[in-house]
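Structural description and commentary
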Amino acid sequence: MDDLTDQVEVRRQKLEKLRELRIPLYPNDFKPSHVSSRIIAEFGSLSEDQLSALTTTVSLAGRIMSIRSFGKASFFHLQDREGRLQVYVRRDRLGEEGYRLFQSLDIGDIVGVRGHLFVTKTKELTVAAHGLGLLCKCLRPLPEKWHGLADVEARYRRRYVDLMVNREVRELFEKRSRIIRLIRRFFEERDFLEVETPMMQSIPGGAAARPFITHHNALNMDLYLRVAPELFLKRLLVGGIERVFELNRNFRNEGISVRHNPEFTMLEFYQAFATYEDLMSLTEELFATVAKELAGSLTLSYGGSAIDLTPPWRRLTLIGALEEHGAKRAELESLEGLQAFARKRGLAFDPGLPYGNLLVEVFEEVAEPHLIQPTFVVGYPLEVSPLARKNDADPSVVDRFELYMGGRELANAFSELNDPLDQRERLLKQAEARRAGDDLAQAMDEDFVRALEYGMPPAAGEGIGIDRMVMLFTDSPSIRDVVLFPLLRPER
RNA sequence: GAGCCGUUAGCUCAGGCGGUAGAGCAUCUGCCUUUUAAGCAGAGGGUCGCUGGUUCGAGUCCAGCACGGCUCACCA
């Protein structure tokens, strides 16, 4: 951390020298007239003669990314929020003092430049500076100019450096922002209201996950960081907000992997008078809209495979998915048969697991990695879905789907259970399992059931993992690539 | 939590069978007024992740620890 290398020392000394010369070290009155990309767009196509006829003066500010010096003249590249532009400085134009100041600058310094445009011998649009000022000294050396910053750990810990020198990182996070904007617009256009519900909850609910615990001093009470906003969003359905969504962080106290960060961004939306089947179409539409706006194509490439988002997507039952991997329907319908199949596949499982839980586990093990093309998986057993509506024809399953794509789960949706008596029973059963040691089972939330007793319109709701969606659209193998500051152990 | 792999200069990397540390970029000095991986000449910069052990001698072999990556587990 306090690595005072020779390079840092040299830069500090340069700063001190400027201080002695009474040069303002951290001025804040420079206002750039232009951004690099706009200059290139506006003037890039002009000929040499047209440019030299121009009297336009441009000013821009940014970070020095490279310097090529010839003694009495130099070129450097300036990087601002949009890109890079070359700057040309020479002693006879900047003056003795101005040029000496330039010579004391380093790669990484933030400067403001004023000048006119011309084209170099090598046909690069360049600013010939007649004014140059230091706006902020960079006291640490930047990574090497053509390999950049490659060390993954350093890239996550010092994302600011990663962003400076690896252009594609900047582009990825711009893309992430665009995706989120498109999602918001999609739901706003359909009359959904965006809301914010508690992230600190006294009863964590809405998902089977371990919460983080924190403490409120004044009230002297423990609080949980939410694992899902679900139960609050459904209270809003009760309150008459018939179309509602929340796009924000969830927190789950789980291991870290290429698809798991302890805090992650989740979209949840609820629509009254709709069923989970309506949400399948809506989900197809959402992904198709984002894909078209983002890339102009319904096909995207992920991890070397092409994923075709053209609706309608395949629908498959859990059992059907397993049948595609050598299981016989008859053996999947009993607990014993299912256990036998799991053993045959060499899966380790808890023999005390109920049928429904085992079915899901076997599915995730055997079928999930192969679901590359978008697939709605349905036929989820009642016992793993305490908040979902029972299927009218077969009450042992619920009206629920999970969306798989690229070999992983992306979304989970169901027709919501709005029968308060049934909901109370199911939550009580969860609470009982919780007491019996299942710390993933949900807690009883009396107020949530009370809300349902006021009457919740029939509705369907869905959660989409936004980080995973961004991974898909940016062809990123790890969630850490799409989260600016992924959780790491503190460095020592 | 487990297994495998990695950690060498500010950055990117090389270091055969154990013999006391190298390159390019960056930095510093000198030359250079259209370069773009600018060039030329020279110089400085290292707790080889940390702690022990084996050895006459460890960047190299062994053990433990730290951090990271991948896989697995956890995540219904």
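To start, this report covers the structure provided alongside it.

Quick look at the overall build of chain A
Tallying secondary structure elements over chain A gives 16 helices and 18 strands in all. For chain A, the C-alpha radius of gyration of 29 Å lies well beyond 23 Å, the compact-globule estimate for 492 residues. When its C-alpha atoms are laid out on the principal axes, chain A stretches across 90 × 55 × 50 Å. Every one of the 492 residues in chain A was classed for burial, and the buried ones make up 48%. Sequence-distant contacts, at least 24 apart, represent 65% of the contacts inside chain A between residues at least 6 apart. Accessible surface, chain A: about 24900 Å² in total, of which carbon and sulfur atoms supply 51%. Measuring between centres, the 66 positive side-chain charges of chain A sit 8 Å from its 75 negative side-chain charges.

A word on the protein's contact with RNA strand B
Surveying the vicinity of RNA strand B reveals 53 residues, the closest of which are Thr 122, Lys 145, Trp 146, Ala 208 and Glu 254. Put simply, 57% of the atoms of RNA strand B that lie within 4 Å of the protein are in sugar or phosphate. Thr 120 is positioned with one of its side-chain polar atoms (N or O) 2.8 Å from a base oxygen of RNA strand B. Elements supplying a minimum of two residues to the surface near RNA strand B: α1 (6-20), β1 (58-69), β2 (73-79), β3 (84-90), α5 (152-157) and α13 (355-366). Take the surface near RNA strand B: its biggest share by element is four residues, from α1. Among the residues making up the surface near RNA strand B, the classes are represented as 21 nonpolar, 12 polar and 20 charged.

Some words on the sheet that holds β1
Read around the closed barrel, five strands run β1-β2-β3-β5-β4, paired in mixed fashion. Each neighbouring strand pair of the sheet contributes to a mean axis angle of 55 degrees, computed without reference to strand direction. Pairing geometry for β3 and strand β5 (residues 125-136), over three bridges, is parallel. Paired with Val 87 across the strands is Val 127, a residue of β5. Across the sheet, helix α2 (residues 36-43) lies against β1, β3, β4 (110-119) and β5, angled at about 85 degrees from β3, the strand it touches most. Packed onto the sheet, helix α4 (residues 91-103) meets β1, β2, β3, β4 and β5 and runs at close to 30 degrees relative to β5.

A few points about α13
When the terminal C-alpha atoms of α13 are compared, their 16 Å separation across 12 residues agrees well with the 16 Å that a helix rising 1.5 Å per residue should span. Buried residues of α13: Gly 356, Leu 358, Leu 359, Val 360, Val 362, Phe 363 and Val 366, and no others. In this fold, the buried residues of α13 make contact with α10 (318-323), α12 (335-344), β15 (375-381) and β16 (397-405).

Notes on the environment of Val 127
Mapping Val 127 onto the fold places it in strand β5. What makes Val 127 buried here is its relative accessible area of 0%. Once the C-alpha coordinates of Val 127 and Gln 86 are considered, the two residues, 41 residues apart in sequence, prove to be 6.4 Å apart. Excluding residues that lie within four positions of it along the chain, Val 127 makes contacts with Val 58, Leu 60, Leu 85, Gln 86, Val 87, Tyr 88, Val 113, Gly 115, His 116, Leu 117 and Phe 118.

Things to note about unusual backbone geometry
Note the cis peptide between Pro 311 and Pro 312, where omega equals -5 degrees. With respect to the helices, strands and loops of the structure, Pro 312 is situated in the loop between β13 (305-308) and β14 (314-317). Backbone geometry at Asn 220 places phi at a positive 45 degrees, although glycine is not the residue there. Mapped onto the elements, Asn 220 comes out in the loop between β8 (213-216) and β9 (221-225). The exposure class of Asn 220 is exposed, given its relative accessible area of 58%. A positive phi angle, near 60 degrees, is found at Phe 273, a position not held by glycine. By the element assignment, Phe 273 lies in the loop between β11 (263-272) and α9 (276-295).

Points about the pairing of β9
Relative to β9, strand β7 (residues 200-201) is paired through two bridges, and the arrangement is antiparallel. Note on β9: the bridge partner recorded for Met 200 is Leu 225. Strand direction decides the pairing type here: β8 and β9, joined by four bridges, are antiparallel. For Ile 213, the partnering residue across the bridge sits in β9 and is Tyr 224. Turn length for the β8-β9 hairpin, with the two strands adjacent in sequence and antiparallel, is four residues, and the turn residue Asn 220 shows positive phi of about 45 degrees.

Here is what the cut-offs are and how they apply
Residues numbered from 1 in each chain as written. Chains lettered and ligands numbered in written order. Predicted model: local features only at pLDDT ≥ 70, side-chain atom pairs only at ≥ 80, totals over all residues. Heavy atoms only, no water. Helix = DSSP H or I, 4+ residues; strand = E, 2+ residues; numbered from the N terminus. Rg over C-alpha atoms; globule rule 2.2 N^0.38 Å. Buried < 20%, exposed > 50% of the residue type's maximum accessible area, 1.4 Å probe, protein only. Contact = heavy atoms within 4.5 Å. Areas by Shrake-Rupley, 256 points an atom, 1.4 Å probe, with all protein chains shown as cover. Lys, Arg positive; Asp, Glu negative; His and termini not counted. Charge placed at Lys NZ, Arg CZ, Asp CG, Glu CD. Near = heavy atom within 4 Å. Polar contact = N/O pair within 3.5 Å; in protein donor to acceptor, adjacent residues only side chain to side chain. Nonpolar A, V, L, I, M, F, W, Y, C, P; charged D, E, K, R; others polar. Pairing = 2+ DSSP bridges. Axes fitted to C-alpha atoms, helices over the stretch in contact; angles between N-to-C directions. Expected span 1.5 Å × (residues − 1).

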